[in-house]
Amino acid sequence: MKVKALLTFLFGIINIQIAFSQSNKDFEKDYLTMRKSVFGIGTVITDTIINNGKKLPIKRFVTIGAGLMTYAKIDTNVITNIVTAGHVIKFFKENNLTSIYLRPSWADTIRTTDYFGVQVPLTNSDKTPNTFLYPDNKIDLGCILMLPGYYDKTYREKILKDGNNLFPYNSMTTPYLGDQVWIGGYPDHIESTIQNNFLYSIATFKPGYIAWKPSANMSNTDLIHITLVESNATHGNSGGPVFSLQDKIELVGILVAGFDDIDSVYLNNKGVIDPITKQALIAKSRAGVSIIEKAEYVKKLIQFVQSEIDRLRKSGGK
């Protein structure tokens, strides 16, 4: 009986290890599935690189934020759009830029000097817009239409082969406190640190945990639409999708803000003062709190965009 019990115990450990291995494999599969619907949102700048000791001018894609590729439906037509943070779209308007470049995650292995992505004008030739902001300015969401007429050759060839990876926006969830989530985006600290030696923009997913969410009966309009996540989100994650992988892939929301943990440095219970600046030394960490707009407001945004497109179509673009 002791031998049988020991064998049962050992087989149990083996089965747990196998299950853990399968779980990792399934997680990676889900991760890669999520990644397909993530886009980098940016602009193209003129820059210089050092080549054989000489400065050479180049043009390259620079990430401003991230977005989730989903769709709107007008009658029987499906219109591709990228949902992002409203302030990402406002960046282009406030800086008088006329186009937004949308770079799909499958282009991450292509140098940013070689492929800028799909160039979408903020306004079409008939004066109709390609960008929409959530109608309530408290909610930091917006979307960019990516009409087929603006697809470039590289993008057309890719979607003919693999198809457009549109996220089904009806698959959304409200997480529980403590749930682990994954924040997608294009953190710019990689490129900023390595500078001209790394001309790539790579989508990553960072873990976080649901730290706060509004109660079901909350009436505070400043807070009812957001969720707080303990995470290390940084620049380039703005507008990126936040997913849950509890049982299946679910959209939790869109990341719109992040804050660093900052604290004074103490020694023997006394704050340390910098002898040069005479200011208190502080420690800064990327592990801070991030704000996401809840997934249900993504769905409401899409419904608003659908109604606006239909209205513009019927009114001749006015």
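Scope of this entry: the structure provided in the associated data block. Model, not experiment: these values are computed from the prediction.

Rules used in this analysis
- Residues numbered from 1 in each chain as written.
- Predicted model: local features only at pLDDT ≥ 70, side-chain atom pairs only at ≥ 80, totals over all residues.
- Heavy atoms only, no water.
- Helix = DSSP H or I, 4+ residues; strand = E, 2+ residues; numbered from the N terminus.
- Buried < 20%, exposed > 50% of the residue type's maximum accessible area, 1.4 Å probe, protein only.
- Contact = heavy atoms within 4.5 Å.
- Areas by Shrake-Rupley, 256 points an atom, 1.4 Å probe, with all protein chains shown as cover.
- Pairing = 2+ DSSP bridges.
- Axes fitted to C-alpha atoms, helices over the stretch in contact; angles between N-to-C directions.
- Phe/Tyr/Trp six-rings, centres within 6.5 Å; stacked < 30°, edge-to-face > 60°.
- Lys NZ or Arg CZ within 6 Å of the ring centre and 35° of its normal.

Below, the discussion takes up the overall build of the chain. Looking only at helices and strands, the chain has five helices and 15 strands in total. Scored against the burial criterion, the 318 residues of the chain give a buried share of 42%. Sequence separation of 24 or more characterises 67% of the internal contacts of the chain that already satisfy a separation of 6 or more. Carbon and sulfur atoms make up 55% of the accessible area of the chain, which totals about 17,900 Å².

A few words on the environment of Asp 30. Within the secondary structure, Asp 30 is located in helix H1 (residues 2-35). For Asp 30, a relative accessible area of 25% puts it in the partly exposed group. The spacing of Asp 30 and Lys 248 is 218 residues in sequence and 8.1 Å in space, taken between C-alpha atoms.

Two elements, strand E8 (residues 180-185) and strand E9 (residues 204-212), share six bridges in a ladder whose sense is antiparallel. Across the sheet, Ile 183 pairs through a bridge with Lys 206, a residue of E9. Pairing analysis gives four bridges linking E9 to strand E10 (residues 226-231), with the strands arranged antiparallel. When the sheet's bridge partners are listed, Trp 212 is paired in E10 with Leu 228.

The subject of this paragraph is the sheet that holds strand E4 (residues 99-104). On the basis of which strands lie adjacent, the open sheet formed by seven strands has the order E5-E4-E1-E2-E3-E7-E6 and antiparallel pairing. In this open sheet, the two edge strands, each paired with only one partner strand, are strand E5 (118-121) and strand E6 (131-133). On average, each strand axis in the sheet is tilted by 40° relative to the strand beside it, whichever way the strands run. Direction of pairing for strand E2 (residues 54-74) relative to strand E3 (residues 77-85): antiparallel, over a ladder of seven bridges. Bridging across to E3, Thr 70 finds its partner in Asn 81. Sitting on the sheet, helix H2 (residues 86-94) touches strand E1 (38-51), E2, E3, E4, E6 and strand E7 (141-145), and the angle it makes with E3 is about 90°.

On to the packing of aromatic side chains. Enumeration over the complete set of coordinates arrives at seven aromatic pairs. Centre to centre, the rings of Trp 106 and Tyr 115 are 6.0 Å apart; their planes meet at 25°, and the pair counts as stacked. A residue is classified by how much of its surface remains accessible, and Trp 106, at 24% relative accessible area, is partly exposed. For the pair Phe 205 and Phe 243, a centre-to-centre distance of 6.2 Å together with 50° between the ring planes defines the contact as tilted. Of this pair, Phe 205 sits in strand E9 while Phe 243 is found in strand E11 (residues 241-244), placing the two residues 38 residues apart along the sequence. There is no split in this pair, since Phe 205 and Phe 243 are both buried. Here a set of aromatic residues connected by ring pairs shows up, and it is made of Trp 106, Tyr 115, Tyr 151 and Tyr 155. Above the face of the Tyr 297 ring, Lys 300 is positioned so that its terminal group lies 4.4 Å from the ring centre.

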